[in-house]
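Here are the chains, one letter per residue:
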Amino acid sequence: MVDTAILVEGLGKQYRIGAAPAQSRSMKDAALDLVRAPLRRVRSLRRTEDTPNIWALRDVSFEIKAGEVIGLIGRNGAGKSTLLKILSRITPPTTGRVTLSGRVGSLLEVGTGFHPELTGRENIFLNGAMLGMRRYEITRKFDEIVDFSGVEKFIDTPVKRYSSGMYVRLAFAVAAHLEPEILIVDEVLAVGDAAFQKKCLGKMSEVTQNGRTVIFVSHSMAAITSLCRRVIIMEKGGVFLDTDIQTGVRVYLQKLFEGDQAGFLAPGEKRFGNGAVLFTDFWMEDTDGNTLPVARSGEDVVLAFAYQTADGAPLRGKLSAGFSLVDDHDRTLFIVYNDYTNQLFEDVSGRGVLRCRINRFPLIPANYRVTGVLNVDGEEADRPEKGLGMMLVTEGDFYGTGRTGSNAAPFMVMGDWSVSAAENAASTLHNALKETTP
Amino acid sequence: MARLTPISSSTPKPDVYVPHKLVIEPPSRWTSLELRELWQHRDLLFFLTWRDLSVRYKQTILGPIWAVMNPVASMLIFSLFLGGLVGVASDGVPYPLFSFAALVPWVLFTNTLNRTAVSLVGSAGLITKVYFPRLIIPLSNVLSSLVDFGLSFAVLVILMLAYGYLPTLNILLLPFFVLLCVMIGLGVGLILAAMNVRFRDVGLFMPFFLQAWLYATPVVYSSSLVQGDLLRTIYNLNPMVSVVEGFRWSLLGVGNSPGTTLLLPIALAIVALVCGVFYFKQTERIFTDVV
């Protein structure tokens, strides 16, 4: 039997938005306002019924079992932060209730409660106590925390002299070593350098493997995918979808980018070629044939091109299709023709779909333009000037490690690294060559 | 974690950890004090107090001497002008000792009140990010004020010995007056802290408020100056009168020994504290939405 760790029933949170008071228009008005203002302020603070209200959260219900790791995603303003604030008891709900089983540790903002004048050592104790740890727990964890943060040299220096990186490392270390039954983490992985981010992700998955319940909020789909098995998508203050990670991320990305495919192949757009066969549509699919609104780096993706001959009759001759991806600097990143791989098409039907599968899609997240050309027997039949459509690529787990790598270069290549001592054959040869070179 | 360690073999119960349930619901009008939770966070109380103290005197030359400077400097000024130039009567006690014996509890009172009054707003950065029982903050202010009080009390003892005053058995009642003083300071401070969340006027109003209260309390003069039944009755509505008189009585042996006259200030202090705590508890729930 798995116990419920978090039960949220009909949760709602209403915020009052005070109407802005009118501006003074003249010196006289300003002087009068001086007298009136306190009275009006008192009145406006007292009168609460007729000020406009908004529901930041409305009728939110879900259940999380002990040991589950939930990704909470949604656009800014969808109510994620409000939900987390209620779960961490920073603000009370207006309606509904939450039942929590176990101690809650929340990491809403790294470094909260650090005092600049105090040393790292002092701050560890203060911050730990604030997160609900007992003194002996902190003492027991102290070395581990310092070790994780990598600031042991400066542990007795006031944190105001720390670099921002050190500050954040120490703060995450304290929070990550808290051992709550329920851990609420909001976007902490957005801090620190790549190496530390990896360390954080590692620590997070360690926490989740220890059977703790985790609610993890992030805009990084790579991090969400590598940590969670279930996602809750929030929208407009409510739960939009509560589903498994694959579906959730797909639907979320679809919603995020929907409406971006403009009519590249619309009638009236300029096209080159003799028109013997024409592109009629372009879309992306996953390997199971489901349409993809967005591709993810590192995932297998299928580009599908629908075509039609001018008269609808089967095509006579050799059909050669090619496409290329162009980035927003108008650089063509790669070109793929079916001829390259000796996959030749001859006498195809009058209407059909050409599909090209790209394994482990190697480009970094961006918005790419897809251009294409159809040749029949070596003669250009169709080449739409603008291209066929856009290909949105978002963060994925290319390296299979949850790391996103650098965005400074357009391609991602899987490296297989090793290190060995200098005495091996290759380096001996290298040295020998060096010696013979004048 | 202690709660997760297996139950020892002597207990026949199965090794099942049952976490405590916590229900979060919309705030009701009457909130509980959540004393159990306060107790669970006692380490935080300790660390916050210690942070208060160490931060206040870090990068200062005189360090904790500053805690004593406030009452000592006031005592010197009052002794020079009121004791020396004006010649205010001091019930037969040397004026410096007379005023200092009152300034020590008075500074404890104003420190508690001042620090408590800004506690909610001053810790906004913390309160909007981490949950812990908010009462911890004013309580840590009380503790840090008590530490400062301890230092200036040591100076008071030295001053007493220097003037040849030896403590009598009356001193046994002194802790009670300290408690009364802290209760009033904390109670009024909590009310002001909660008001301060909505009306920042509180911070600007405080100096006048405390100055007026100082003159309504026999710190620089003797309460024997207050004559007339009506005036005296109104005067006694200020519970700090009893605190200051109590201090002088238990340390210097001047004034009437306190008796049933203490009932009113005790009642007032309890009312202030209860009102303060409940107003504070109510405000802390909406705090993050208002600040």
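In this text the structure is predicted, and so the values were computed from the model without any measurement. (Residues numbered from 1 in each chain as written. Chains lettered and ligands numbered in written order. Predicted model: local features only at pLDDT ≥ 70, side-chain atom pairs only at ≥ 80, totals over all residues.)

**What about the overall build of chain B?**
Counting its regular elements, chain B contains 12 helices and 1 strand. Secondary structure elements in chain B, listed N-terminal to C-terminal, are β-α-α-α-α-α-α-α-α-α-α-α-α. For chain B, with 291 residues in total, the buried portion stands at 38%. The contacts of chain B with a sequence gap of at least 6 include a subset with a gap of at least 24, amounting to 81%. (Helix = DSSP H or I, 4+ residues; strand = E, 2+ residues; numbered from the N terminus. Buried ≥ 20, exposed ≤ 12 C-beta atoms within 10 Å, placed from the backbone. Contact = placed C-beta atoms within 7 Å.)

**Quick look at the overall build of chain A**
The number of helices and strands found in chain A is 9 helices and 21 strands. Counting every position in chain A, which comprises 438 residues, the buried fraction comes to 37%. Counting only contacts in chain A whose residues sit at least 6 apart along the sequence, the fraction spanning at least 24 positions is 74%.

**A word on the packing of helix 4 (residues 135-149) of chain A against helix 5 (residues 164-176) of chain A**
Residue and element names in this part refer to chain A. Two numbers describe how helix 4 lies on helix 5: the axes approach to 8 Å, and their chain directions differ by 140 degrees. The pairing of helix 4 with helix 5 is recorded here as oblique in orientation. When you trace helix 4 past helix 5, the crossing you get is right-handed. Together, I145, F148 and S149 of helix 4 and R169, L170, A173, V174 and A176 of helix 5 make up the contact between the two elements. A per-class count over the contact of helix 4 with helix 5 returns 6 nonpolar, 1 polar and 1 charged. (Axes fitted to C-alpha atoms, helices over the stretch in contact; angles between N-to-C directions. Parallel < 35°, antiparallel > 145°, perpendicular 65-115°, else oblique. Left-handed = near helix turned anticlockwise from the far one by under 90°. Nonpolar A, V, L, I, M, F, W, Y, C, P; charged D, E, K, R; others polar.)

**Side note on helix 2 (residues 80-87) of chain A**
All names here are of chain A. With 7 of 8 residues buried, helix 2 lies mostly within the body of the structure. Restricting attention to buried positions, one finds in helix 2 the residues K80, T82, L83, L84, K85, I86 and L87. Phi turns positive, to about 65 degrees, at R89, one or two residues after helix 2.

**Comments concerning the sheet that holds strand 5 (residues 104-107) of chain A**
Residue and element names in this part refer to chain A. With respect to topology, 6 strands assemble into an open sheet ordered 5-6-7-3-8-9, the strand pairing being mixed. A single partner strand is all that each edge strand has here, and the edge strands are strand 5 and strand 9 (238-244). With strand direction ignored, the average angle separating the axes of adjacent strands in the sheet is 15 degrees. With 5 bridges joining them, strand 6 (residues 182-186) and strand 7 (residues 213-217) adopt parallel strand pairing. Bridging from a neighbouring strand, D186 pairs with V217 of strand 7. Along the sheet face, helix 2 touches strand 3 (69-73), strand 5, strand 6, strand 7 and strand 8 (230-235) and points at about 145 degrees away from the line of strand 6. (Pairing = 2+ DSSP bridges.)

**Brief notes about the interface of chain A and chain B**
Facing the 34 residues of chain A at the interface are 26 residues of chain B. Considering every element that reaches the side of chain A that touches chain B, the biggest residue donor is strand 4 (residues 95-101) of chain A, with 6 residues. Of the residues belonging to the side of chain A that touches chain B, the class tally is 15 nonpolar, 10 polar and 9 charged. Direction of pairing for strand 4 of chain A relative to strand 1 (residues 21-24) of chain B: antiparallel, over a ladder of 4 bridges. For A:L100, the partnering residue across the bridge sits in strand 1 of chain B and is B:L22.

**Re the packing of helix 2 (residues 42-57) of chain B against helix 7 (residues 136-162) of chain B**
Residues and elements named next belong to chain B. Following both chains from N to C, one finds helix 2 and helix 7 inclined at 55 degrees, their axes separated by 8 Å at the closest point. Classified by the interaxial angle, the pair formed by helix 2 and helix 7 is oblique. The handedness of the crossing between helix 2 and helix 7 is right-handed. The residues of helix 7 that touch helix 2, namely those facing L44, L45, L48, T49, D52 and L53, are I136, I137, L139, S140, L143, S144 and V147. For the contact of helix 2 with helix 7, a count of residues per class yields 9 nonpolar, 3 polar and 1 charged.

**A few points about unusual backbone geometry**
Residues and elements named next belong to chain A. The backbone phi angle of R360 is positive, close to 45 degrees, even though this residue is not glycine. Among the secondary structure elements, R360 is positioned in the loop between strand 18 (351-358) and strand 19 (366-376). For R360, a count of 16 C-beta atoms within 10 Å corresponds to the partly exposed category.

**Notes on the environment of B:A162**
Residue and element names in this part refer to chain B. On the secondary structure map, A162 appears in helix 7. A residue is classified by how many C-beta atoms lie within 10 Å of it, and A162, with 11 of them, is exposed. Considered as a pair, A162 and L97 are 65 residues apart in the sequence and their alpha carbons are 9.7 Å apart.

**With respect to the sheet that holds strand 4 of chain A**
The sheet built from 4 strands is open, its strands ordered 2(A)-1(A)-4(A)-1(B) with antiparallel pairing. Across the chains shown, the open sheet's two edge strands, defined by having one partner strand only, are strand 2 (53-65) of chain A together with strand 1 of chain B. Strand-to-strand twist of the sheet, defined as the mean angle between neighbouring strand axes without regard to direction, takes the value 15 degrees. Running at roughly 65 degrees to strand 2 of chain A, helix 2 of chain A makes contact with strand 1 (4-16), strand 2 and strand 4 of chain A together with strand 1 of chain B of the sheet.

**Concerning helix 11 (residues 239-252) of chain B**
Residue and element names in this part refer to chain B. In this model, helix 11 (14 residues) spans 20 Å end to end at C-alpha, consistent with the 20 Å of a helix rising 1.5 Å per residue. Counting buried positions over the 14 residues of helix 11 gives 14, a clear majority of the element. Looking one or two residues beyond helix 11, the residue adopting positive phi is G253, at roughly 75 degrees. (Expected span 1.5 Å × (residues − 1).)

**With respect to the pairing of strand 16 (residues 332-337) of chain A**
All names here are of chain A. Across 5 bridges, the pairing between strand 15 (residues 318-326) and strand 16 is antiparallel. By the bridge assignment, F323 is partnered in strand 16 with V336. Remark: 5 residues form the turn of the hairpin made by strand 15 and strand 16, two consecutive strands paired antiparallel; D330 in that turn has positive phi of roughly 65 degrees.

**Section: the environment of B:L190**
Residues and elements named next belong to chain B. Positionally, L190 belongs in helix 8 (residues 174-198). Along the backbone, L190 and V277 are 87 residues apart, and their C-alpha atoms lie at a distance of 6.4 Å. For L190, the residues in contact, after removing those within four places along its chain, are T116, P138, G276, V277, Y279 and F280.

**Quick word on the environment of B:F47**
By the element assignment, B:F47 lies in helix 2. The spacing of B:F47 and B:S140 is 93 residues in sequence and 8.6 Å in space, taken between C-alpha atoms.

**Looking at the pairing of strand 14 (residues 301-309) of chain A**
Residues and elements named next belong to chain A. A one-sided burial pattern is seen for strand 14, the buried positions being V301, L303, F305, Y307 and T309 and the unburied ones V302, A304, A306 and Q308. Pairing analysis gives 8 bridges linking strand 11 (residues 277-285) to strand 14, with the strands arranged antiparallel. Bridge pairing in strand 14 places V277 opposite T309. When strand 14 meets strand 18, the two strands line up antiparallel, connected through 8 bridges. When the bridges of strand 18 are listed, L303 appears paired with C356.

**What about the confidence of the model for chain B?**
Residue and element names in this part refer to chain B. Residues with a pLDDT of 70 or more make up 91% of chain B, whose mean pLDDT is 82. Confidence drops under a pLDDT of 50 for residues 1-18, and excluding neighbours within four residues, the segment shows 7 contacts in the predicted structure. At the level of chain-chain contacts, confidence expressed as ipTM amounts to 0.73, with global pTM at 0.68. (pLDDT = per-residue confidence, 0-100.)

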